[in-house]
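Tertiary structure, described
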Amino acid sequence: KMEDYYPGRDHFKPILADAAKNQVNTTLVSLGDLGESKSVRPEETTELFAGTTACHQLASEFLSSFGVPYEVIGGNHDLEGIDEFRTDEANLKVFLDLHGKPTPHFSRIVAEKTMLVGLSSTVFRTAKYTSHEVTIDDEQLKWFEDLVKSHPAQEGWKLFVFSHAPPIGSGLRVLQENHVVNGCCWLNHSGGATTRKFIELVREHRCIKGWFSGHFHLGQDYQDSITFPTIPRELGPYPNRGSCVFAQTSVMRKGTSRDKRQQSRLLRGNKDGFEICTVNHAAGGTIRVDAVITYSDCMHEVGVYQQEHEELKEKGNFIKVYSPSVGDTNFVDYDEEEEEVNILKGKVVDENTIAWWNMCCGRVLGIYDGRLIEYDPSTLAPLGLVVGADELKGRQIIICGSGAEACRIDLESMTQEGMEGADCADAEPLEQAVLLVDPSGLVTCVQPNEDGSFWRKIVRNKMIRMKENRRQKVGKAISKRLFPDVEPQVVSSWGPYTSISGTAKSTGVAGLTTQAKIAQAWDQLGGGRVAAWREMADELKAVFNSLDKDGDGSITTMELRGCVTKLDPSCDEKSLVEMMTVADTDGDGKVSLEEFARLMLFQRILTISSTKAKEKVDA
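Given the structure is predicted, the values throughout are model-derived calculations rather than measurements.

Looking at the overall build of the protein
- When helices and strands are counted, the protein shows 13 helices and 24 strands.
- Across the 619 residues that make up the protein, the buried fraction comes to 47%.
- Here the analysis covers contacts within the protein between residues at least 6 apart in sequence; of these, 65% occur between residues at least 24 apart.
- A total accessible area of about 32,400 Å² is found for the protein, and carbon and sulfur atoms account for 51% of it.

Quick word on helix 4 (residues 138-149)
- An ideal rise of 1.5 Å per residue puts 16 Å on twelve residues; helix 4 measures up with 17 Å between its terminal C-alpha atoms.
- When helix 4 is considered as a whole, its buried residues turn out to be Gln140, Leu141, Phe144, Glu145, Leu147 and Val148. Down the axis of helix 4, the sector holding all buried residues measures 160°, keeping them to one side. When the buried face of helix 4 is taken as reference, the exposed residues oriented beyond 90 degrees from it are Asp138 and Glu139.
- For helix 4, the capping residue at the N-terminal end is Asp137, with a side-chain oxygen 3.1 Å from the backbone nitrogen of Glu139.

Points about the sheet that holds strand 19 (residues 382-387)
- One open sheet holds the four strands; their spatial order is 16-17-18-19, and the pairing between them is antiparallel. Each of the sheet's edge strands pairs with one partner strand only, and the pair in question is strand 16 (355-358) and strand 19. The average undirected angle you get between the axes of adjacent strands in this sheet is 25°.
- Pairing of strand 18 (residues 371-375) with strand 19, which is carried by four bridges, proceeds in the antiparallel orientation.

A look at the pairing of strand 17 (residues 364-368)
- The buried fraction of strand 17 amounts to five of the five residues, a majority that puts the element mostly inside the structure.
- The two faces of strand 17 match: Val364, Gly366 and Tyr368 on one face and Leu365 and Ile367 on the other face are all buried.
- Relative to strand 17, strand 16 runs antiparallel, the two being bridged by four bridges. In the strand pairing of strand 17, Ala355 is matched with Ile367.
- Hairpin connection between strand 16 and strand 17: a loop of five residues separates the two successive antiparallel strands, and Gly362 in this loop has a positive phi of roughly 100°.
- Pairing of strand 17 with strand 18 involves five bridges; the strand directions are antiparallel. Within the sheet, the bridge partner assigned to Val364 lies in strand 18 and is Tyr375.
- Linking two consecutive strands that pair antiparallel, namely strand 17 and strand 18, is a turn of two residues; a positive phi of about 55° is found at Asp369 within it.

Rules of the game
Residues numbered from 1 in each chain as written. Predicted model: local features only at pLDDT ≥ 70, side-chain atom pairs only at ≥ 80, totals over all residues. Heavy atoms only, no water. Helix = DSSP H or I, 4+ residues; strand = E, 2+ residues; numbered from the N terminus. Buried < 20%, exposed > 50% of the residue type's maximum accessible area, 1.4 Å probe, protein only. Contact = heavy atoms within 4.5 Å. Areas by Shrake-Rupley, 256 points an atom, 1.4 Å probe, with all protein chains shown as cover. Expected span 1.5 Å × (residues − 1). Arc of directions from axis to C-beta. Polar contact = N/O pair within 3.5 Å; in protein donor to acceptor, adjacent residues only side chain to side chain. Pairing = 2+ DSSP bridges. Axes fitted to C-alpha atoms, helices over the stretch in contact; angles between N-to-C directions.

This is the structure in structure tokens:
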């Protein structure tokens with residue numbers, strides 16, 4: 001689907017011709033993700049196009065056709081040739097060979113003491129979490145650190161860096177929603193110390209003057225798609241961005257744009273500094289100057305926006321992320337000695353709630369856009385989703401000590417000067433519980449991950465998910481052959497099995513286990529017992545009809561979930577998930593009256609059985 005790329009190339013040709021006429025060095029840099037993550041010939045094959053030999057051959061031919069040297073860095077989809085290559089290493093080799101790259105990273109001198117630097121994502125199949133994370137491996141990171149150290153700003157060096165995703169701490173705030181929720185916004189997003197390494201190098205080495213990234217498929221018309229350096233580094237670590245200007249880059253093709261923009265970046269140097277421009281492919285290649293950066297000396301510069309920027313009016317599937325800043329009015333300050341802190345002072349969360357606070361363990365949590373989000377302590381950039389808006393709305397948030405005391409320093413009893421706190425060196429900080437309090441009386445404890453973080457690493461590796469889907473397709477084919485008169489039903493038994501009790505007692509499948517129990521309980525209602533349930537059935541029908549607002553004979557699983565929670569506030573999340581899985585057997589998000597009745601009756605049976613068991617124990 002090259003219908004937008006060739007016109008986009010033609011928009012650049014006059015720019016390149018003018019540069020050649022004036023003997024100005026030019027270089028084309030592609031920010032990666034060179035092919036679609038789906039089949040481009042669905043009638044012939046289901047093979048994904050991204051990351052394949054054919055994809056990179058086509059991309060190489062196109063990038064070479066500009067008539068100037070080109071560099072390309074790998075994005076998170078550029079090693080996605082999973083049907084063609086068994087390993088990331090084999091896929092990466094073809095990527096490098098076809099683009100004439102000796103290494104995933106590159107450096108190119110384009111003017112006196114002016115260098116372009118690129119870093120590629122090299123992990124897809126072996127990604128620990130989501131394959132949409134852009135991962136710079138340790139070898140490249142070490143190379144980059146050595147490079148910036150050996151090209152100091154004091155000697156006049158100016159480096160411009162290119163990567164598919166931006167580094168955390170860049171300050172870019174117009175992000176695609178799924179990248180925030182799924183934890184894949186930043187370079188090495190789930191990498192811990194390596195996540196912050198990039199911004200730390202930017203702060204330390206003022207030779208890094210610009211950093212360009214893509215990843216979000218969003219336009220360049222928003223002010224927060226370009227961020228300037230802020231405070232001098234000697235004044236503090238946040239929100240220090242050294243001497244670096246960060247710029248978000250859009251896409252050429254309309255079909256891959258998330259906000260209908262079709263734009264490229266143009267970086268133009270001059271004797272005083274440089275300009276960052278937009279080439280608007282949707283308007284015939286018109287050029288707009290977005291920002292002018294002027295060097296005041298080798299260590300400092302001044303940036304000025306050159307146009308009125310659009311603000312986000314309709315979010316769609318992207319958001320302007322709230323970034324906390326020290327001293328802002330949304331910060332919730334409290335005394336760590338307090339046993340219990342109501343974050344919103346008795347109010348409940350809604351879509352307009354904005355607040356953030358520090359946990360005693362050093363983690364930072366906040367509420368924005370109706371969600372509970374974790375922020376990076378160093379940069380206060382969003383790390384990922386903790387609790388979704390549907391689970392958080394209408395609840396109070398309380399944090400309190402969980403009973404594990406922090407180590408306290410007794411200065412009066414210290415006899416050796418300089419050893420204050422030595423006894424606490426290996427102790428854990430004060431432990432706190434994060435509680436969501438529902439008006440019904442239900443309290444949800446938000447448990448941290450094993451590493452102490454809170455954001456949910458919920459999206460699994462795409463390679464694993466695709467293999468699982470293929471196994472399920474085989475299961476459906478077998479089901480259809482063995483049972484030709486019924487709709488194929490396939491569920492998965494998952495591993496590794498986990499248990500919060502510490503002892504694995506069963507390997508029940510969500511949905512399948514509950515479905516079997518429902519069938520058993522339903523059979524017990526046969527014969528004369530059915531009459532005893534008629535009155536209850538009338539009640540259930542009335543409840544169902546009250547939920548079925550449009551009278552089409554079905555309700556959504558979200559409505560059913562709310563109904564179950566209202567009828568039985570003690571119903572835990574595991575039970576809710578199982579019930580929703582059983583109810584929505586065809587996955588269309590709707591539940592019929594019959595399915596609703598069966599589930600409600602089964603829930604009533606469980607309640608009655610539990611009560612009888614308790615009465616028996618009490619007797």
